[in-house]
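Take a look at the letters that make up each chain.
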Amino acid sequence: MFENLITTLTFCPLVAALACYFLRGERLRSALVIVTGIVLILSAVLLIGSAPVSMTPALFTSVKFKTFIQSADFLLLGLILYFGIKFKNRIIIGLSLLQVIILGYFEFFMTAGTHEAPVGIFCDHLSLIMVLIISIAGSLIVLYALPYMKNHEKHLKLKKSRQPRFFALLFLFIGAMNAMVLVNDMMLFYFFFEITTLCSFLLIGHDKTEESKRNSLTALWINSLGGATLLIGIVLIYTQLHTLDIQSIISQVQGKDILLIPLALLCIAGFTKAAQMPFQKWLLGAMVAPTPTSALLHSSTMVKAGVYLLIRFAPAFAGTSLSTLVAVCGAFTFLSAAALAIGQSNGKKVLAYSTISNLGLIIACVGINTHASLTAAIILLIFHAVSKALLFLCMGSIEQHIGSRDIEDMRGLFGEMPITALVITLGILTMILPPFGMLIGKWMAIESASGNLLVILMLALGSALTVVYWARWAGILMGSDFSGKSTPEKMPLFSKIPLFTLLSSAILLGFLTPIIYSSMILPDFSGLVAAPFSIHNGIIFNNQGSFAVYPLFFIAIVVFLFALFLSRPKKAAQQVSPYMSGIQGKQPGSFVGPMNKVTTYTQSNYYLSAFFGEEKLSNLVNMTAGILILILIGVSF
Amino acid sequence: MTLFLYAIIGVILAPFAGVLVVGLDRILTAKFQSRIGPPLLQPLYDICKLWGKKPMIAHRFQPLCVYIYLAAAMVSVGMFFAQSDLLLIFFVQAVGAIFFVIGALLVPSPFSQAGGNRELIQILTYEPLIILVLAGIYLYTGSFKIDAIYALDKPLLINLPLLFIVFGYALTIKLKKSPFDISASHHAHQELVRGVLTEYSGKMLALIEMAHLYETILILGLCSLFWTTSIWGMALLLVITYLLEIIIDNICARMSFRWMLKSVWTTGIVLSAINLIWLYSGARI
Amino acid sequence: MLKKLIEKSQIKSPWIVHYDCGSCNGCDIETLACLTPLYDVERFGVLNIGNPKHADVLLVTGTVNHRNKKVLKNIYDQMSDPKLIIAIGACGLSGGIFKEAYNVVGGVDKVIPVDVYVPGCPAKPEAIIDGVVEGLAKLGELQQQNKTDAIAS
């Protein structure tokens, strides 16, 4: 059963990818997407019962499979090299050649192709959570992509549809991602890690504009850098421990303060993938890709691969100075990305910075490396994936409707797109308000970070900055002219299903946090003296503090319904226009000025560019982050 | 169960206590300006009068925001009296603050928009300070729960003096006292009318005033945590702090939000860092 | 009981918005003088709130002309009931010495209903405070009348 499920989760998307690429009918594609999505979601859900499992499928032990992976590895690097040569990018050429040489040396001289086979598959609850996120959010996003891409291509006026390539890449990515979080062999992990890099590169460059080409190359070189550090880390670990088995590596290193250099390299690989400062540039550039790409790869899943790597190896470097430095780097990213987000009025860029920032928070939690903080990290991982996927999808709909990404252009969006505006506002609220899941995670993070001065300082500042850029966005989305009337919105079914599923799961999963914690997170911690949190009547607590999840949810629901009831439109209440110190014009946002001329006024949010502008902060942030990375390597020696 | 009872009692009594505090505040302010000032119960009259006005709304979602604001303020006060987690109380309070801003941003009026944005900057300024103060309390007591503070045998103030000053900054901003009455103030200011409050009127404004009363009580409650060992000490601390607030309010002009962000963050962070380092070092008086 | 409290409060908490229709600023200076420690109208709960949406009492000074009558009407419309309108100074009452001018409409009552007229050129602060108190008394009478009406019907 377990083996079948694993096979389905990894190979079904692969088959779907091939089918999408070669069968070009639109109807067929829709059917394919729906069927694959259902299969993926079902098998991911069925997998819940099986964890934790470690096993080696028969396939993995065969010599042919090994040779296949080896040659595929080289093929992949060759492909990256090819793109490097094609676009004349020296860094990419250099990095891919470096990887080819190291890999060749490793495979043909160090191990001569005979390293003992590690346990092939290891699926604990962390892997399970990742699989669930990838499969469910992934399927929903691909579903959403159906109407989106149709519109997108209509807008671009393409002669020949490039959708087959797009959907094939999305499915390939989902398969690779599922495989990556399940395998227990470092080399296989590296292989899938590189596949995701390649998928990201191809998807960012999908629209073939000058800008997208440039940005995709940035993404490729930064991620190749991550690949290279990952590979070097693996080789260094192998020279010491002579194994590629992830679990055995962790158990051998745990609590020994050894092998810090390769672990630091793994962390840096994780940082590049998760677009931590100073590697953030590629993720910002990646926003040129069609929105489903941003939702799937660049917010809810692929960037989480870096975080996954760190969480996986967290026990290996617990209690070391490396761990502290990881926490500081993460917290610094959290703070600086939040600050940079304040200066942005481009909605997608705000989302990108917020992704970077939240990943930083997760990494800070990993670095603090207590059971409580790891719990926080996983909870943040889950809820960030759900809420952010939702926000990106809404952003995509809005962008297609109003033709702009600028937050200022979304004033009064409720008047035009009531459903989307409502959904995105609720999505934003799930990011910043208790009792929703993100806030439970943040609460755990801050409580467990209070033991580290530098980290708590940055978390305190960062969390306040986060509130600002979200709240002002939510405020202007729901605003409309004073009548508050809105035209009904037409939305394709395939856009509606993902949006509402994601929204309801963001809310519902928040409610279920205590259950998620006790059934999905707690079992992963081995050798516990005391559980990081206890649960009683839906109150998560330990002797540091308590978060009353169920009571707060109960109060929130009651308050919300009651407030909704009290604020229902009443006839008695007189609608008034905003105060304008004079006479209002007939149109909202205007007043009667001198000579009876109707004058429209402009209003804008505060972006505080004097403090938080990109040009003010970027250099400073990059330099500081670079120094932090150097220190991180330094303390590992 | 007793805690739940405390919470209920706290929620019921808080607005009355708030009326007295705010009324006293207005009388003292008047005295400082050599005026006589309004009756003690003036805040109550104001709220009741506003409640009796004919409803007028500027945006259909505004009442929703106001009700949530009030509810969040009430819940946070209730949680305070139930001796819950300090960080959580702060987060719940933040829900209200955010909805208050969202309600102002809903209306396309330049005054409430500017006020809403300024209010956000105010939130931005005080939020990290309060989190740092709470982190300091945690470092000293080993817990974020209020009952751990009540279990102490020495006042918190002794080991957290600088954090208390930081808290004072946060308090002044939260109560919108000069020089930090940037998003709105008790009296209208030319360039902003009534800022974030401009578009709330009648019943909505009454509810907001109620929520302000709750917030005042919450903040004074948090302030009282710094001296829990004796009731007289607590009273003394509260009286002196609030008196200082009123004096500062009277002798300061309002400043710009840029100045606020810069000066408060620098002083606040430096002071709390010094105090936190002291706490980390493990030294205790 | 709540209703009684509200009615009492309406008398005890008049918030003011002050609009200058085109006065020579004499009356305005006198109006603002009421807020100073010498007169201290906050004793009666009066606050200069400056926003018609929050205010209960509209103080109007100066002559109404064709340009600002719309603004005056607009401010009046944005105040919610119950509200008091107090016209201050000779110009506010009738147009004063500008009454015959080509652009002048006349007193405030040409545009909106006025509850209390405070004469003077300029009106003295004492007179203005008296006007507000008079207005509040009128409000009290109105409350009584509403009550008897309710009983009668």
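Residues numbered from 1 in each chain as written. Chains lettered and ligands numbered in written order. Predicted model: local features only at pLDDT ≥ 70, side-chain atom pairs only at ≥ 80, totals over all residues. Heavy atoms only, no water.

**Overview of the overall build of chain A**
Counted only if it meets this: Working definition: helices are DSSP H or I runs of at least four residues, strands are E runs of at least two. Numbering for both runs from the N terminus. Each radius of gyration is computed over the set of C-alpha atoms, and the globule rule expresses the reference value as 2.2 Å times the number of residues to the power 0.38. Only protein chains enter the accessibility calculation, which uses a 1.4 Å probe. A residue is then buried if its area is under 20% of the maximum for its type, exposed if over 50%, and partly exposed in between. Every accessible area reported is derived by Shrake-Rupley at a probe size of 1.4 Å, with residue values counting cover from the shown protein chains alone.
The helix and strand inventory of chain A stands at 26 helices and eight strands. For chain A, the C-alpha radius of gyration of 25 Å lies close to 26 Å, the compact-globule estimate for 637 residues. Counting over 637 residues, chain A shows a buried share of 64%. Counting only carbon and sulfur atoms, one obtains 67% of the accessible surface of chain A, whose full area is about 23,000 Å².

**What to know about the packing of helix H7 (residues 163–182) of chain A against helix H14 (residues 302–313) of chain A**
Residue and element names in this part refer to chain A. Worth spelling out the cut-off: Angular values range over 0 to 180 degrees, each being the angle between N-to-C directions of two axes fitted as lines to C-alpha atoms, with helices fitted over their stretch in contact. Comment on the angle field: the value is read as roughly parallel under 35 degrees, roughly antiparallel over 145, roughly perpendicular from 65 to 115, and oblique elsewhere. Working rule for contacts: check all heavy atoms of both residues, and any pair within 4.5 Å makes them a contact. Asp, Glu, Lys and Arg are counted as charged, while Ala, Val, Leu, Ile, Met, Phe, Trp, Tyr, Cys and Pro are counted as nonpolar; the rest, among them Gly, fall into the polar class.
Taken N-terminus to C-terminus, the directions of H7 and H14 make an angle of 5°; their axes are 11 Å apart at the nearest point. Overall, the two elements H7 and H14 adopt an arrangement that is roughly parallel. Between H7 and H14, the contacting residues are Phe173, Met177, Met180 and Val181 on the first element and Met302, Ala305, Tyr308 and Arg312 on the second. A breakdown of the residues in the contact of H7 with H14 according to their chemical character gives seven nonpolar, no polar and one charged.

**What about the interface of chain A and chain B?**
Note the following rule: The buried area of a pairing is the accessible area, by a 1.4 Å probe, that goes missing from both parts when the two are put together, added over both. For this analysis, a salt bridge means a side-chain nitrogen from Lys or Arg found within 4 Å of a carboxyl oxygen belonging to Asp or Glu. Under this definition, polar contacts are N or O atom pairs within 3.5 Å; protein pairs additionally need one hydrogen-donor-capable and one acceptor-capable atom, and for neighbouring residues in sequence, both atoms have to be side-chain atoms. Strands are treated as partners if at least two bridges between them are detected by DSSP.
Taken together, the contact between chain A and chain B spans 67 residues of the former and 60 residues of the latter. Summed over both partners, the interface of chain A with chain B buries about 5,700 Å², with 75% contributed by carbon and sulfur atoms. Summed over the three residues of chain A that lose the most area to chain B, namely Leu453(A), Tyr606(A) and Phe611(A), the buried surface amounts to 11% of that side. Where chain A touches chain B, the interface holds zero salt bridges. The interface formed by chain A and chain B includes 16 residue pairs in polar contact (both at pLDDT 80 or more). Every element with two or more residues in the side of chain A that touches chain B is listed here: helix H19 (418–432), helix H20 (437–449), helix H21 (453–478), strand E5 (546–548), helix H24 (549–566), strand E6 (574–575) and helix H25 (609–612) of chain A. When residues of the side of chain A that touches chain B are assigned to their parent elements, the largest contribution, 16 residues, is made by H21(A). The residue makeup of the side of chain A that touches chain B, split by class, is 42 nonpolar, 21 polar and four charged. Relative to strand E1 (residues 56–57) of chain B, E6(A) is paired through two bridges, and the arrangement is parallel. The partner of Gln574(A) across the bridge, within E1(B), is Met56(B).

**Some thoughts on the packing of aromatic side chains**
Short version of the rule: Stacked, tilted and edge-to-face are the three classes assigned to paired rings of Phe, Tyr and Trp, where Trp is represented by its six-membered ring and a pair needs centres within 6.5 Å; plane angles under 30 degrees give stacked, over 60 edge-to-face, the rest tilted. Both a distance and an angle decide whether a charge sits over a ring: NZ of Lys or CZ of Arg must be within 6 Å of the ring centre and within 35 degrees of the ring normal.
All told, the structure shown has 32 aromatic pairs over all chains when counted by the stated rule. Note on Tyr21(A) and Phe22(A): the rings are 5.3 Å apart at their centroids and 90° apart in plane angle, and the pair reads as edge-to-face. The class for Phe22(A) is exposed, based on a relative accessible area of 60%. Among the aromatic residues, those joined into a ring-pair cluster are Tyr82(A), Phe83(A), Phe87(A) and Phe201(A). Over the face of the ring belonging to Tyr76(C) we find Lys83(C), whose NZ or CZ atom lies 4.0 Å from the ring centre.

**A few points about a nonpolar patch on the surface**
All names here are of chain B. What counts here: Patch members must show over 30% relative accessible area and no salt bridge, and they are joined within 9 Å when carrying like charges or within 5 Å when they are nonpolar side chains of Val, Leu, Ile, Met, Phe, Trp or Tyr.
Together, Met1, Phe4, Leu5, Ile8, Ile9, Ile12, Leu13 and Phe16 make up a nonpolar patch on the protein surface, roughly 900 Å² of accessible area in all. Looking at the secondary structure, you find Ile9 in helix H1 (residues 2–32). Judged by relative accessible area, Ile9 falls into the partly exposed class, the value being 42%.

**Re the nonpolar core**
Rules: Nonpolar cores are built from buried Ala, Val, Leu, Ile, Met, Phe, Trp, Tyr and Cys residues. Side-chain atoms within 4.5 Å join them into one set.
In this structure, Phe313(A), Trp473(A), Phe612(A) and Leu58(C) are the most contacted members of the largest nonpolar core, which totals 373 residues. Here Phe313(A) is in contact with Met186(A), Ile246(A), Ile249(A), Ile250(A), Leu263(A) and Leu266(A), once residues within four sequence places are set aside. In this structure, Ala33(C), Val46(C), Val118(C) and Ile129(C) belong to the second largest nonpolar core, which totals 19 residues.

**Remarks on unusual backbone geometry**
Residue Pro179(B) is reached from Ser178(B) by a cis peptide bond, and omega for that bond is 0°. Secondary-structure assignment places Pro179(B) in the loop between helix H8 (161–174) and helix H9 (203–224). With an omega of -5°, the peptide bond between Cys121(C) and Pro122(C) qualifies as cis. As for its placement among the helices and strands, Pro122(C) is situated in the loop between strand E7 (116–118) and helix H5 (125–152). Of note, the phi angle at Asp40(C) is positive, near 45°, even though the residue is not glycine. Relative to the helices and strands, Asp40(C) is located in the loop between helix H2 (26–33) and strand E2 (47–48).

**Things to note about the sheet that holds strand E4 (residues 539–541) of chain A**
All names here are of chain A. Taken together, three strands build an open sheet; the order of strands is E3-E4-E5 and the sheet is antiparallel. Among the strands making up the open sheet, the edge pair consists of strand E3 (534–536) and E5. Strand after strand, the sheet turns through a mean of 20° between neighbouring axes, direction not considered. The sheet contact formed by E4 and E5 spans three bridges and is antiparallel. In the strand pairing of E5, Phe541 is matched with Ser546. Against the sheet, H24 touches E4 and E5, its axis set at about 40° to E5.

**Observations concerning the pattern of salt bridges**
The final tally for this structure, using the stated rule, is 20 salt bridges over all chains. Across the pair Lys349(A) and Glu614(A) runs a salt bridge whose closest N-O atoms are separated by 3.2 Å. Residue Lys349(A) is located in helix H16 (residues 347–368), and its partner Glu614(A) is located in helix H26 (residues 614–636); the two are separated by 265 residues in the primary sequence. A relative accessible area of 22% places Lys349(A) in the partly exposed class. Residue classification places Glu614(A) among the partly exposed positions, given a relative accessible area of 21%. With a closest N to O distance of 2.9 Å, Arg26(B) and Asp46(B) form a salt bridge. Of this pair, Arg26(B) sits in helix H1 while Asp46(B) sits in helix H2 (residues 42–51), and the two are 20 residues apart along the sequence. Taking relative accessible area as the criterion, Asp46(B) reaches 6% and is therefore assigned buried. Sharing partners across several salt bridges, the network here consists of Arg26(B), Arg35(B), Asp46(B), Asp40(C) and Glu42(C).

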